[in-house]
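# Observations on the model geometry
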Amino acid sequence: MKHLTQNKTVIDWIEEKIELVKPDEVVWIDGSEEQLEALRKEACSTGELEKLNEELLPGCYLHRTAVNDVARVEGRTFICTETKEEAGPTNNWMAPAEAYEMLYDIARDSYKGRTMYVIPYSMGPVGSPFSKVGIELTDSIYVVLNMVIMTRTGKAVMEALGDSNDWVRGLHCKCDIDDEKRYICQFPQDNTIISVNSGYGGNVLLGKKCFALRIASYQGWKENWQAEHMLILGLENPQGEVKYICAAFPSACGKTNLAMLIPPEGYKAKGYKVWCVGDDISWIRKGPDGRLYAINPENGFFGVAPGTNVKSNPNALAATMKNTIFTNVAHNLDNNTVWWEGLDKNPPENAIEWKGNPWNGKTSEEKGAHPNSRLTAPAVNCPCISPEFENPAGVPISAIVFGGRRAKLAPLVYQSRDWNHGVFVGSIMASETTAAAAGAVGVVRRDPMAMLPFCGYNMADYWQHWVNIGKTLDPEKAPKIFNVNWFRKDDDGNFLWPGFGDNLRVLEWIIKRCDGKVDADETAIGYVPKAEDINLEGIEDEVSDAQLKEILSVDNSLWDAEVAGIEEFYAKFGDKLPATLKNELETLKANLK
Ligand code: GTP
Ligand code: SPV
Ligand code: MN
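Let us look at the structure shown here. Per chain, the residues get numbers from 1 upward, laid out in the order the sequence is written. Here every chain gets a letter starting at A, and every ligand a number starting at 1, in the order they are written. Only residues with pLDDT of 70 or above have their local features reported here, since the model is predicted, and side-chain atom pairs are shown and tallied only from 80 upward, although totals for entire chains, interfaces and linings are computed over all residues. As a convention, hydrogens and water are excluded, and side-chain values are obtained from all of the structure's heavy atoms.

## Observations regarding empty space enclosed by the protein
This is how it is decided: Points on a 1 Å grid, built from protein atoms alone, make a cavity when a 1.4 Å probe fits but cannot get out and make a pocket when they are open with protein on both sides within 12 Å along at least 5 of 7 lines; residues with an atom within 4 Å of a point are the lining residues. Grid points are joined across faces, edges and corners, and a volume is the space filled by probe spheres set on the points. Note on conventions: DSSP H or I runs of at least 4 residues are helices, E runs of at least 2 residues are strands, and numbering of each starts at the N terminus. Just so you know the grouping, Ala, Val, Leu, Ile, Met, Phe, Trp, Tyr, Cys and Pro go in nonpolar, Asp, Glu, Lys and Arg go in charged, and all remaining residues, Gly too, go in polar.
In this structure the tally under the stated criterion is two cavities of 30 Å³ or more. Size it by volume and the largest cavity reaches roughly 130 Å³. Considering the residues around the largest cavity, the lining is formed by 15 residues, among which Arg406, Ala410, Met429, Ala430 and Asn483 are closest to the centre. Listing elements by their share of the lining of the largest cavity, those giving two or more residues are strand E29 (480-484) and helix H16 (556-571). In terms of residue class, the lining of the largest cavity is built from nine nonpolar, four polar and two charged. Here the second largest cavity defines a volume of roughly 40 Å³. Lining the second largest cavity we find Val277, Ala294, Ile295, Asn296, Glu388, Phe389, Asn391, Gly394 and Val395.

## What about the sheet that holds strand E21 (residues 337-339)?
The condition is simple: Criterion used throughout: strands pair if DSSP finds at least two bridges between them.
Spatially, four strands are ordered E21-E20-E22-E23 in an open sheet, and the strand pairing comes out antiparallel. This sheet does not close on itself; its edge strands, each paired only once, are E21 and strand E23 (358-359). Inspection of the sheet shows strand E20 (residues 330-332) paired to strand E22 (residues 351-352) by two bridges, in the antiparallel sense. Residue pairing in the sheet places Asn332 in a bridge with Ala351 of E22.

## Observations regarding the site of ligand 1
To keep things clear, this is the line we draw: Proximity is defined per residue: any heavy atom of the residue falling within 4 Å of a molecule or strand makes that residue near it. In the analysis that follows, any N or O atom pair within 3.5 Å is treated as a polar contact, provided that within protein one partner can donate a hydrogen and the other can accept it, and provided that, for residues neighboring in sequence, both atoms belong to side chains. Here, Shrake-Rupley sampling with a 1.4 Å probe gives the accessible areas, and only protein chains in the shown set may cover a residue.
Close contacts around ligand 1 come from 20 residues, with Ala252, Lys255, Thr256, Asn257 and Arg374 the closest. The separation between an oxygen atom of ligand 1 and a polar side-chain atom of His229 is 3.5 Å. When ligand 1 sits alone it has 660 Å² of accessible area, and the protein chains cover 91% of it. Broken down by element, the shell around ligand 1 gets its largest block of residues, three residues, from helix H9 (residues 255-259). Across the shell around ligand 1, the residue classes break down as nine nonpolar, seven polar and four charged.

## Observations regarding unusual backbone geometry
Going by this rule: With a 1.4 Å probe rolled over the protein chains alone, any residue whose accessible area is under 20% of its type maximum counts as buried; one over 50% counts as exposed, and the rest are partly exposed.
The backbone of Ile177 shows a phi angle near 50 degrees, a positive value even though the residue is not glycine. Checked against the element boundaries, Ile177 lands in the loop between strand E9 (167-173) and strand E10 (183-187). Residue Ala252 is not a glycine yet carries a positive backbone phi of 60 degrees. For Ala252, a relative accessible area of 24% gives the class partly exposed.

## Focus on the sheet that holds strand E3 (residues 61-63)
By way of backbone hydrogen bonds, the strands of a sheet pair with one another, either parallel or antiparallel. With mixed pairing, five strands are arranged side by side in an open sheet as E2-E3-E19-E24-E18. Only two strands of the sheet have a single partner each, and these edge strands are strand E2 (50-51) and strand E18 (300-304). Pairing geometry for E18 and strand E24 (residues 374-378), over five bridges, is antiparallel. Considered in E24, the bridge of Gly300 is made with Pro378.

## Digging into the coordination of the manganese ion (ligand 3)
What counts, and what does not: Nitrogen, oxygen and sulfur within 2.8 Å of a metal are treated as its donors, or within 3.2 Å for sodium, potassium and calcium (Na, K, Ca); water is not counted, so a site can appear incomplete. Square planar and octahedral sites, with four and six donors, are those where opposite donors lie more than 155 degrees apart and all other angles lie between 65 and 115, tetrahedral sites have four donors with every angle between 85 and 135 degrees, and the rest are irregular.
Here the manganese ion (ligand 3) is held by the protein donor atoms Lys209 (NZ), His229 (NE2) and Asp280 (OD), which lie 2.2 to 2.3 Å from it. Coordination at the manganese ion (ligand 3) is irregular, judged from the six donor atoms that bind it and the angles of 69 to 173 degrees they form at the metal. One chain supplies every donor for the manganese ion (ligand 3), spaced along it as K-x19-H-x50-D. With His229 in the loop between strand E12 (226-228) and strand E13 (230-236) and Asp280 in the loop between strand E15 (273-278) and strand E16 (282-286), this residue pair connects regions lying 51 residues apart in the sequence. No difference in accessibility class separates His229 from Asp280, as the two residues are buried.

## Some remarks on the packing of helix H12 (residues 419-427) against helix H17 (residues 579-592)
Basically, it comes down to this: Fitted lines through C-alpha atoms give the axes, limited to the stretch in contact for helices. The angle between two N-to-C directions lies from 0 to 180 degrees. Each angle gets one of four labels, with under 35 degrees taken as roughly parallel, over 145 as roughly antiparallel, 65 to 115 as roughly perpendicular, and the rest as oblique. Contacts are assigned to residue pairs with any non-hydrogen atoms lying within 4.5 Å of each other.
Relative orientation of the contacting elements H12 and H17 amounts to 85 degrees, with a least axis distance of 9 Å. Compared by their axis directions, H12 and H17 come out roughly perpendicular. From H12, Asn420, His421, Val423, Phe424 and Ser427 reach across to H17, where they touch Thr580, Leu581, Glu584, Leu585 and Leu588. Residue composition of the contact of H12 with H17, by class: five nonpolar, four polar and one charged.

## A word on the environment of Ala450
Position of Ala450 among the secondary structure elements: in the loop between strand E28 (444-446) and helix H13 (459-471). Each C-alpha atom of the pair Ala450 and Lys268 lies 30 Å from the other, and the pair is 182 residues apart in sequence. Leaving out residues up to four positions away in the same chain, Ala450 has contacts with His229, Ala248, Phe249, Pro250 and Met429.

## Some points on helix H4 (residues 96-107)
To keep things clear, this is the line we draw: To estimate the expected span of a helix, subtract one from its residue number and multiply by 1.5 Å. An arc is given here, and it is the one of the directions from the helix axis to the C-beta atoms.
In a regular helix each residue adds 1.5 Å, so 12 residues correspond to 16 Å; H4 covers 16 Å between its end C-alpha atoms and thus fits that length. When H4 is considered as a whole, its buried residues turn out to be Pro96, Ala99, Tyr100, Leu103, Ile106 and Ala107. The buried residues of H4 all sit within an arc of 130 degrees when viewed along its axis, so they share a single face. Of the exposed residues in H4, the ones pointing more than 90 degrees away from its buried face are Ala97 and Glu101. Along its buried surface, H4 packs onto helix H1 (8-21), E9, E10 and strand E11 (192-196).

## Observations concerning the packing of H16 against H17
Applicable threshold: Left-handed describes a crossing whose near helix is turned anticlockwise from the far helix by less than a right angle; the clockwise case is right-handed.
Following both chains from N to C, one finds H16 and H17 inclined at 160 degrees, their axes separated by 10 Å at the closest point. It follows from the interaxial angle that H16 and H17 lie roughly antiparallel. Both H16 and H17 take part in a crossing whose hand is left-handed. For the pair H16 and H17, contact is made by Asn556, Trp559, Asp560, Val563, Ile566, Glu567 and Tyr570 and by Leu581, Leu585, Leu588, Lys589, Asn591 and Leu592, respectively. Taken together, the residues of the contact of H16 with H17 sort by class into eight nonpolar, two polar and three charged.

In C-alpha cells:
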C-alpha cells in the first residue's frame, strides 16, 4: 500500500492499527472529487446513503443511523489521563493502559471484510498558525463524507504537516454498533482518540467534539490558548463596521441559529447584517495587538434539523440545498426530498420516518425525524458566511456571551462586572438538557461554559486557565462578558421572548455596552439593561413593556436558591476550585443580602 506521506510517525501508527483491525483494503482520502463520487456511489449501492432528488436537492444524501445510536453518549465518553484528578470530577475517567487494552480488544480484527479509510484533515485553514492536523481511520463511508464536509481534508493537509509529530490520532471502528460496548475515549496526553461501536456524528466525526474540544481544550491549556463550544458571528452596523461576538450555549440551545441570524425588518432596512464565522466551536488566542482572536476550526455545519425553517433560520436552510447529508430525518417519497418537524406545516403523507418505517405525517402520532436529526452542510453554502471565514489570523473578539435554557431565573441578558466575574458567570451556567445527548431531556444541570461534556481535563484547571488568560489581557482590550437567556417562560410554559432574529435587539445592547454607549442597572448578579434600552420597535404586539420588565428582572430569592446549587457543584472540586471563583461566589452572596 502506498502512503500519502513520508511522515514516519504517521506511517508507523497506521501500520500498527492495520495490524490490529485487519482491513481487507486501505484507502487514503486524497480529497479528489472522483474518489468522493465513487464513495457516494458505493454507499448508495449498499443502502448506507440514499441519493435525494437531483433537481431539488443536488448532491444531497439521506442517511439513517441505527435506532440505538442517535446522539452523543456522555455516560460512555471517557477522558483517559494518567490520574483521575487530571480528568476531574465532571468527566468519566479510565486509566490509559486499561482503556487501551479494553478498546484494542473490541477493535481487534473488526475491519475484516471492510475497508480502512485514512482521512488526513486540518482543523482550521490549512497552514494557519491556529490550525492543527488530525488523521482519522474509519470503516464508514458516511464518516468519510461527513469529515470531508466538516473539515479540510486531503493531500494539502499532509504537506502542511511535513514530518512533524504534532497531529492527533483517531481510530473509529463501527464494530456492531453494540451500545453495551460503545466507548468514546480521549487520551489528551497522547493526542489520541478511540471511538468504537457508534456511527452517530458527535461520537465518530473525530475532528469535532473529540479533537476540536476535548483534546484541543487540553492542548490550549498547555499551549496558552482556548478551545471553546462557541459560535462566532460578525455584527455589521449601518456604518459598515463589524464587531465579532463569541457565544457559548449548550448543545441544541441556539448557537447555529444565532450565528446565522437575519435581522428584524427595521434593522435590515437600516443596514444591520450578521455574518457567520462559525456555529459550534472557537479556537481563541491573543493576537499581536493584545486582543483575543478566534477562528472556527470547522469547514461545515453539523446542525440540528428540527425547528429549522424559512422563518427561524433561512440561512441554515439555504445552506442545505446542495451537497448536504441529512441524518435521521423523514424521507418524502413523493418527490424524494426530506422533511422534519418544524420545517413547515405540511408533513408528507407518503414517507419513511427516521427509523425506516412507512410514515404518514398527516395522521401519525410518531415523529418523522428524530429530535436530534442533523444536517451536514458545507460552510461555503451559507448565504451569510463571513468574508473572514478563511482568515488564518481569525477575527478580533469584542464580546463573549454565555447562555442556556432556563425557564425561570436567568434574565434575558446581563453583563459581568469584569473578566473574573465573567469567568464566574460562565462557571455557574446551567441549562435544561436536550436531545443532543442520550438521556433525559429538560432536566436543569450545571454546564459550565457549555463545556461540561467537552472539557478534556479537570474543570477546575480549565477555570483557572480562563482566569490566567484574563491576567494577560489589558482590561481595555479584553472582550466584555455577558449572559443571555432566550428561553424564559411564563407559568403556562410559553416563551416570554420571541427569540431568533429578534435576538439582534439583545446583541445591539451588548455591542453598545462594549462601546460604552449605553447605561445599565447594577443588580446583585451584574449589569442589566434598562427596559427602555432594549428596542422593541416592530414587536410591541408580541412583547409588552411589562413582559420585557419581567424577563429583565432579577429575583433575589430565586438566586438565593441558585447559590445553594452552585455551592454544591463547586464543592465537587474541593481545594482545586480557583480562589477567584470562591471570592466571586462570596461577592454574589453578599450582594443578594
Ligand atoms: P449544537 O449543534 O447541538 O451544538 O446546537 P446549537 O446550539 O447550534 O443549537 P441550534 O441553533 O441548532 O438550536 C437548537 C434548537 O433551539 C432548535 O430547535 C431551535 O429551534 C431552538 N432555538 C434556537 N434559537 C432559539 C431562540 O432564540 N428561541 C427559542 N425559543 N428557541 C430557539
Ligand atoms: C452537540 O451536541 O453539541 C453538537 C452535535 O454540536 S455533535 O457533533 O453530535 O456533538
Ligand atoms: Mn455543539
